[in-house]
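Single-letter residue listing:
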Amino acid sequence: MSRVNAENVIKNIIRNIVQECAVRGHAVSDTLVAFMVKAVVLDPRNGFNVDRTLTKQDVEKLEELCLDKLMEECSPSLDTIKMQVYFDLKYTSRREFLDEIHRVLESKLSSVSREITDSRVKTREELDALYSKIITYILLRSGMGSPADINTVHEARAALQSIFPHTELGAFMYFLKRDKEQQLNELTMIVTGIRLFNKAKKKEEEETDLSELMPEALNEALPAVSTNLENELRVSQSLAWKYTAVLEKLTDPNSRSEDSNVPIVSLNQALYNIRQHEGFLRMLLADACLCAKNVEILQSELSSNIKLLKETMKSKTAVPTKVVFPLFKTLSKLWSGLQEEAELLNILNNIRLNLQPFITSQAKIFSEDFLNKLLEASEVKTDEQRTIESSGERIDPGEMKSHDWLLPETTTSFNELSLQYNRVCGYTLVTRDGLLLPGNPHIGILKYKEKLYIFSSKEAAMKFSSSPDQFIEEVTEKAKISAELIQLLKLHQQISCISPYSEMQPGDSLMVKPITKCEISTQTDLHPLETNIDKSYEWNEWELRRKALRLADLFIKVSHSTQTDLSHMRRENMTQTWLPKNSACQTKRDGESSMPQPQIYLAGLRGQRDGQFVKTNLTRLLDE
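Reading the values: the criteria
- Residues numbered from 1 in each chain as written.
- Predicted model: local features only at pLDDT ≥ 70, side-chain atom pairs only at ≥ 80, totals over all residues.
- Heavy atoms only, no water.
- Pairing = 2+ DSSP bridges.
- Helix = DSSP H or I, 4+ residues; strand = E, 2+ residues; numbered from the N terminus.
- Axes fitted to C-alpha atoms, helices over the stretch in contact; angles between N-to-C directions.
- Patch = residues over 30% accessible without salt bridge, like charges linked within 9 Å, V, L, I, M, F, W, Y side chains within 5 Å.
- Areas by Shrake-Rupley, 256 points an atom, 1.4 Å probe, with all protein chains shown as cover.
- Salt bridge = Lys/Arg side-chain N within 4 Å of Asp/Glu carboxyl O.
- Buried < 20%, exposed > 50% of the residue type's maximum accessible area, 1.4 Å probe, protein only.
- Polar contact = N/O pair within 3.5 Å; in protein donor to acceptor, adjacent residues only side chain to side chain.
- Contact = heavy atoms within 4.5 Å.
- Parallel < 35°, antiparallel > 145°, perpendicular 65-115°, else oblique.
- Nonpolar A, V, L, I, M, F, W, Y, C, P; charged D, E, K, R; others polar.
- Arc of directions from axis to C-beta.
- Core = buried A, V, L, I, M, F, W, Y, C linked by side-chain atoms within 4.5 Å.
- Phe/Tyr/Trp six-rings, centres within 6.5 Å; stacked < 30°, edge-to-face > 60°.
- Lys NZ or Arg CZ within 6 Å of the ring centre and 35° of its normal.
- Left-handed = near helix turned anticlockwise from the far one by under 90°.

We now examine the sheet that holds strand 2 (residues 445–448). Read from one edge of the open sheet, 3 strands run 1-2-3, paired in antiparallel fashion. Of all strands in the sheet, those bounded by a partner on one side alone are strand 1 (404–406) and strand 3 (451–453). Adjacent strand axes in the sheet meet at a mean angle of 35 degrees when their direction is disregarded. As paired strands, strand 2 and strand 3 are joined by 3 bridges and run antiparallel to one another.

Right, here's the structure in full:
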């Protein structure tokens with residue numbers, strides 16, 4: 001079966017499961033169902049052998065198992081998977097969050113902007129209405145007040161009149177749509193900057209009260225979001241430490257617990273649920289702290305720019321626009337940055353609130369009193385306490401030369417290394433029935449096959465390093481049984497990509513190898529040597545083909561001509577040149593040779609035929 005047909009069959013299986021869940025009164029997403037299908041196939045207890053062809057009965061069994069999983073009531077494992085799917089769909093990088101905020105803002109303002117740019121006014125009333133629409137657009141985009149507030153509208157109109165009088169609407173109407181949109185944005189920035197400066201100017205104190213200049217949403221969200229995240233994180237951490245202590249007591253091979261009827265599997269699922277919630281809260285809190293830092297920076301810049309504007313406009317009746325307009329635009333950009341931080345904080349807070357329903361099932365199954373009863377006199381250790389206690393155990397690389405070990409004093413950027421299993425001890429996970437214990441990198445980090453592993457104790461590190469392949473395989477098997485561990489421990493690369501088929505041809509198997517693709521590019525100099533440029537070079541083979549076809553088509557025409565080496569001299573040529581100019585060279589003085597100038601006279605050459613002539617030498621010497 002081709003891959004395209006296989007994907008269509010998978011979609012049909014997912015669609016059938018979604019429809020059946022809806023019939024049973026449960027609304028599930030396609031993403032959740034797709035993940036559950038993969039989890040059911042991965043679980044070796046379900047008997048889906050990848051070496052065996054998948055029959056119609058297998059597909060029915062697969063759908064039934066997925067439905068049973070999805071219909072479970074009060075299941076921490078299912079809630080953890082739902083939490084992971086929700087977080088993957090809703091959470092993204094800071095840049096993408098800001099891009100989404102910009103996209104939402106543009107979509108809200110698109111109708112108002114279109115009314116302004118596409119309007120064709122003819123009367124004075126229509127011009128007034130257009131001017132009011134521009135004010136509405138400025139208020140909506142800046143977020144400084146509501147267009148329904150009369151005082152806010154009057155304030156914005158006064159600011160707009162100072163830079164864009166009503167009489168300039170005629171010239172605005174002749175602009176292109178792109179130019180109109182650009183001018184609207186510039187007007188918004190300048191008007192917003194003017195209004196911010198006017199608010200700051202009204203205060204008599206030299207230090208501006210920034211809390212009154214900040215967006216109202218930011219004043220509300222900044223202290224609340226961080227506080228709520230810290231409180232929830234503190235509760236989740238405390239609960240995770242209790243679950244860890246209970247499971248550590250129940251799975252201790254050296255002590256036999258009397259609580260043999262306690263469901264260790266359910267306790268593990270509850271621990272996974274709380275640990276996943278804790279991990280997501282840490283990510284949200286880190287983003288909230290980054291927002292708080294950015295707000296402080298923006299506040300400082302806003303204060304300094306307001307002071308600069310005050311000094312620029314102090315005791316001056318008129319200031320050039322090229323000086324003051326950029327300052328107003330800078331104020332507007334800082335204001336927009338504060339609004340973006342407020343929107344981002346609200347998004348993070350909404351994600352936090354939507355995560356809460358996914359941790360209710362474990363609280364219903366295991367109450368706090370039940371956990372305290374199981375703990376009895378056992379000590380509940382925090383992750384920090386476990387790290388401090390195990391820091392005294394250190395791996396000596398000289399004693400274990402069979403593997404590479406990384407230590408803090410010999411490794412640069414030690415705290416920024418990418419560690420396997422999300423910083424969890426893999427040995428404890430295998431030997432203690434799936435118990436999650438945080439590893440301590442200061443014991444020593446095992447480098448095996450270009451991957452880094454940490455452990456909760458020196459003993460765990462030594463036993464894991466004795467047969468790492470076996471433990472790595474067992475960790476993968478644990479994740480196949482508990483599908484929520486795939487994302488919790490970040491095992492996506494270790495788990496093969498498996499896709500179920502409803503119909504398979506003989507010889508086809510359940511295992512489908514993923515198609516790995518990546519985008520690559522190579523950057524080279526266009527012309528390394530300018531003197532070697534070939535003007536006739538053509539890299540495109542299709543362009544060479546087109547040229548060849550043109551030449552071939554030229555030779556089959558009735559009348560044609562070809563310029564050759566023998567005929568190119570027969571053409572008429574004309575050359576225009578300039579006649580040589582008369583030139584002379586002038587020097588400072590004339591030079592002479594050092595020879596005497598001869599002067600000889602002959603006398604008696606005329607007269608008598610037989611007469612004698614006389615030769616007289618009058619040449620003078622040089623020294624005379």
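Turning next to a nonpolar patch on the surface. On the surface, Leu 551, Leu 554, Phe 555 and Ile 556 cluster together into a nonpolar patch covering about 430 Å² of accessible area. Structurally, Ile 556 is set in the loop between helix 21 (541–555) and strand 4 (600–603). By relative accessible area, Ile 556 is classed as exposed at 65%.

This part covers the side chain of Thr 312. Here Thr 312 shows up in helix 12 (residues 264–313). When its relative accessible area of 14% is taken as the criterion, Thr 312 is described as buried. Reaching out from Thr 312, the side chain makes a polar contact with the backbone oxygen of Leu 308 at a distance of 2.7 Å.

Relative to the assigned elements, Gln 362 resides in helix 14 (residues 360–365). Each residue touching Gln 362, except ones within four places of it in the same chain, is listed here: Pro 76, Leu 239, Tyr 243, Ala 270, Asn 273 and Ile 274.

Attention now goes to the environment of Pro 598. Positionally, Pro 598 belongs in the loop between helix 21 and strand 4. Among the residues examined, Pro 598 registers a relative accessible area of 60% and is labelled exposed. When the C-alpha positions of Pro 598 and Asn 617 are compared, they lie 8.1 Å apart, and in sequence the two are 19 residues distant.

The interhelical angle for the contact between helix 11 (residues 216–250) and helix 16 (residues 383–390), taken along N-to-C directions, is 55 degrees, at an axis separation of 10 Å. Relative to helix 16, the element helix 11 lies oblique. When helix 11 is examined against helix 16, the residues Trp 241, Thr 244, Ala 245 and Glu 248 are found in contact with a partner set consisting of Asp 383, Glu 384 and Arg 386. Looking at the contact of helix 11 with helix 16 residue by residue, the classes come out as 2 nonpolar, 1 polar and 4 charged.

This next bit is on unusual backbone geometry. With a phi angle near 55 degrees, Cys 74 is a residue other than glycine that sits in the positive phi range. Position of Cys 74 relative to the elements: it lies in the loop between helix 3 (56–70) and helix 4 (76–90). Looking at Cys 74, the relative accessible area reads 35%, which means it is partly exposed. In this model, Asn 422 sits at a positive phi of 55 degrees, which is unusual for a non-glycine residue. Among the structural elements, Asn 422 can be located in the loop between strand 1 and helix 17 (426–431). Accessibility expressed as a relative area gives 34% for Asn 422, which makes it partly exposed.

Moving on, we get to the pattern of salt bridges. Two side chains of opposite charge can pair, provided their charged atoms sit close to one another. Using the criterion set out here, one finds 21 salt bridges in the structure. Ionic pairing is found between Glu 459 and Lys 463, a salt bridge with its closest N-O pair at 3.0 Å. Here Glu 459 pairs with Lys 463, and both are found in helix 18 (residues 458–466), just 4 residues apart, close to one helical turn. Bridged by salt links that share partners, the residues Arg 275, Glu 278, Arg 282 and Asp 383 form one connected network.

Within helix 18, the full set of buried residues consists of Ala 460, Ala 461, Phe 464 and Ser 465. End-on view of helix 18: buried residues confined to an arc of 125 degrees, all on one side of the axis. Summarising the contacts, the buried residues of helix 18 are in contact with strand 1, helix 17, strand 2, strand 3 and helix 19 (468–481).

Now for the nonpolar core. Leu 160, Phe 164 and Leu 355 are the most contacted members of the largest nonpolar core, which totals 67 residues. Not counting the four nearest positions on each side in its chain, Phe 164 is found in contact with Tyr 131, Ile 134, Leu 169, Phe 172, Gln 183 and Leu 187. Membership of the second largest hydrophobic core comes to 47 residues, among which are Leu 375, Leu 436, Leu 485 and Leu 489.

We now examine the packing of aromatic side chains. One pass over the structure, following the stated rule, counts 16 aromatic pairs. Grouped by ring-pair contacts, the aromatic residues Trp 405, Tyr 421, Tyr 427, Tyr 453, Phe 455, Phe 464 and Phe 471 constitute a single cluster. Positioned above the aromatic ring of Phe 172 is the side chain of Lys 180, whose terminal nitrogen or guanidinium carbon lies 5.9 Å from the ring centre.

Viewed as axis vectors pointing N to C, helix 7 (residues 150–163) and helix 9 (residues 177–201) meet at an angle of 115 degrees, and their least axial separation amounts to 9 Å. Read as a crossing pair, helix 7 and helix 9 show a hand that is right-handed. The segment helix 7 lies against helix 9, with Thr 152, Glu 155, Ala 156, Ala 159, Leu 160, Ser 162 and Ile 163 engaging Leu 187, Ile 190, Val 191, Ile 194, Arg 195 and Lys 199. When grouped by side-chain class, the residues that make up the contact of helix 7 with helix 9 number 8 nonpolar, 2 polar and 3 charged.

This paragraph deals with the pairing of strand 2. Bridge count for strand 1 against strand 2 is 3 bridges, and the pairing is antiparallel. Residue pairing across strands places Trp 405 opposite Leu 446, the latter belonging to strand 2. Where strand 2 folds back on strand 3, the antiparallel hairpin that results is connected by 2 residues, among which Lys 449 adopts a positive phi of roughly 55 degrees.

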